[in-house]
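# Analysis of the macromolecular model
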Amino acid sequence: MLKPVDIHLCQPGPEKSCGACCGLYNYRDSTRESLEARLKARTALFHDTVRGRGDLETFSDLVTSMESMEKRYEVIYCCEYLGFIDEEHRRVGCLLHPLQNNGEDLRDVSFYGRDLCDGHFCPSYYYLSRWEQQAVVNVIDDWYLYGLVITDIDLVKEYFRFIADGLGEAPDPGRLKTGRLKDVAQRFFNFKTTWPFRSPETNRLGKYYFDGSQYMISHINYDALSCERSRFDKIFLSLTSRFDSQRDLRQAEDLVEDSISAFIDYYRDHPQ
Ligand code: SF4
Ligand code: SF4
């Protein structure tokens, strides 16, 4: 399958990468600390024990017996061959990829098989515009947050839509590589991990939740809060929100509003 645009969202550069479709965030405990420890341990094990194709079955058995394989959504596979592909542990990626194995492609042993692993491009390749993709790549320099954000189409689109509406034009992603605007946008996307109204339910990720047999779209019950649907509804769902009172909802709206306004004000006040 042809890649629809020219930014490689999976491996955009040396500072970060994404492994979401290999099941990275589908462990019941998908905190940064837990995933980092998991990926470090299996990467070390891979380099210690795998000398060729014949060692992969043992590696797979070892990983699945050593690690907790409790999942958030049962229907999504968590691949045991996802690890760190650089010495600094900044990039997650496939340990079976030819670049990791002296040119030999070992992905045919995996659950999805070589063709799917090689040819899969997630919806973000298609539904995020080029400038939205470039903006995320420029703003985020951390694998954990990057994978959460680049796959969250609603969050990215809504954030930049409010900004573009406020500015009267789409912001230039080139201005998000360094400096204050990058910081402001980073703070917004950091809500993915720091959001104070995040639901504690572990069967939820962004707007999806798993009811035991399938995963479905979540909703915020505005009737129970005696208020209208928030203009930030999509953002709130992406942030896995749960509001116990109207006061919580208004505080959440203020946080998002302030973040968006900070971007717009700085962008407008510092033209280039
Ligand atoms: S979820 Fe998308 S960006 Fe992430 S690794 Fe998969 S195809 Fe690449
Ligand atoms: S084998 Fe496929 S699913 Fe597993 S880490 Fe590699 S690319 Fe991802």
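As a starting point, this report considers the structure included with it. Being a predicted model, the structure only gives us computed values, none of them experimental.

### What about the site of ligand 2?
- Taken together, Cys22, Cys79, Tyr81, Leu82, Cys94, Leu96, Ser110, Tyr112 and Cys117 form the complete shell of residues around ligand 2.
- Its residues assigned to classes, the shell around ligand 2 comprises 8 nonpolar, 1 polar and no charged.

### With respect to helix H1 (residues 32–49)
- Under the 1.5 Å per step criterion, the end-to-end length of H1 is 26 Å for 18 residues, consistent within 8% with the ideal 26 Å.
- Three or more residues of H1 are buried, namely Ser34, Leu35, Arg38, Leu39, Arg42, Thr43, Leu45 and Phe46. Take H1 and look down its axis: the buried residues cluster within an arc of 160°, on one side only. Counted as exposed and oriented over 90 degrees from the buried face of H1: Glu33 and Asp48.
- Against helix H2 (56–66), strand E1 (82–84), strand E2 (92–94) and helix H6 (143–150) lie the buried residues of H1.

### Examining the nonpolar core
- Tyr159, Phe160, Phe189, Phe236 and Phe263 are the most contacted members of the largest nonpolar core, which has 50 residues in total.
- Broken down by secondary-structure element, the contributors of at least two residues to this core are helix H5 (130–139), H6, helix H7 (153–167), helix H8 (179–189), helix H10 (233–238) and helix H11 (246–269).
- Residues lining this core come from more than one domain, with at least three contributed by each of domain 1 (1–151) and domain 2 (153–269).
- Core analysis: the next-biggest nonpolar cluster, separate from the first, contains 12 residues, Leu24, Tyr25, Leu35 and Leu148 among them.

### What about the pattern of salt bridges?
- Tallied over the entire structure, the rule returns 23 salt bridges.
- Close ionic contact of Asp105 with Arg107 constitutes a salt bridge, the shortest N to O distance being 2.8 Å.
- Looking at Asp105, the relative accessible area reads 18%, which means it is buried.
- The shortest N-O distance in the salt bridge between Arg114 and Asp115 comes to 3.0 Å.
- Through salt bridges with shared partners, a single ionic network connects Asp105, Arg107, Arg114, Asp115 and Asp118.

Rules and cut-offs
All residue numbers refer to positions counted from 1 along the written sequence of the respective chain. Chain labels run from A onward and ligand labels from 1 onward, assigned in the order the entries are written. The predicted origin of the model limits local features to residues at a pLDDT of at least 70 and limits the giving and counting of side-chain atom pairs to 80 or more, whereas totals for whole chains, interfaces and linings rest on all residues. Calculation of side-chain values draws on the structure's entire complement of heavy atoms; hydrogens and water are dropped beforehand. Nearness here has a simple test: a residue counts as near a molecule or strand if at least one of its heavy atoms is within 4 Å of that partner. Think of it as three bins: nonpolar holds Ala, Val, Leu, Ile, Met, Phe, Trp, Tyr, Cys and Pro, charged holds Asp, Glu, Lys and Arg, and polar takes everything else, Gly as well. Put simply, DSSP marks the helices as runs of H or I at least four residues long and the strands as runs of E at least two long, and each gets a number from the N terminus on. Here, expected helix span is obtained from the residue count minus one, scaled by 1.5 Å. Remark: exposure states derive from per-residue accessible area (1.4 Å probe, protein chains only) relative to the maximum for the residue type, with buried under 20%, exposed over 50%, and partly exposed in between. The directions considered for the arc run from the helix axis to the C-beta atoms. Should any heavy atoms of two residues lie within 4.5 Å, those residues are considered in contact. Here, nonpolar core means buried Ala, Val, Leu, Ile, Met, Phe, Trp, Tyr and Cys residues that are tied together by side-chain atoms lying within 4.5 Å of each other. Start and end points for every domain follow an automatic or database-based domain assignment. Any Lys or Arg side-chain nitrogen located within 4 Å of an Asp or Glu carboxyl oxygen qualifies as a salt bridge.

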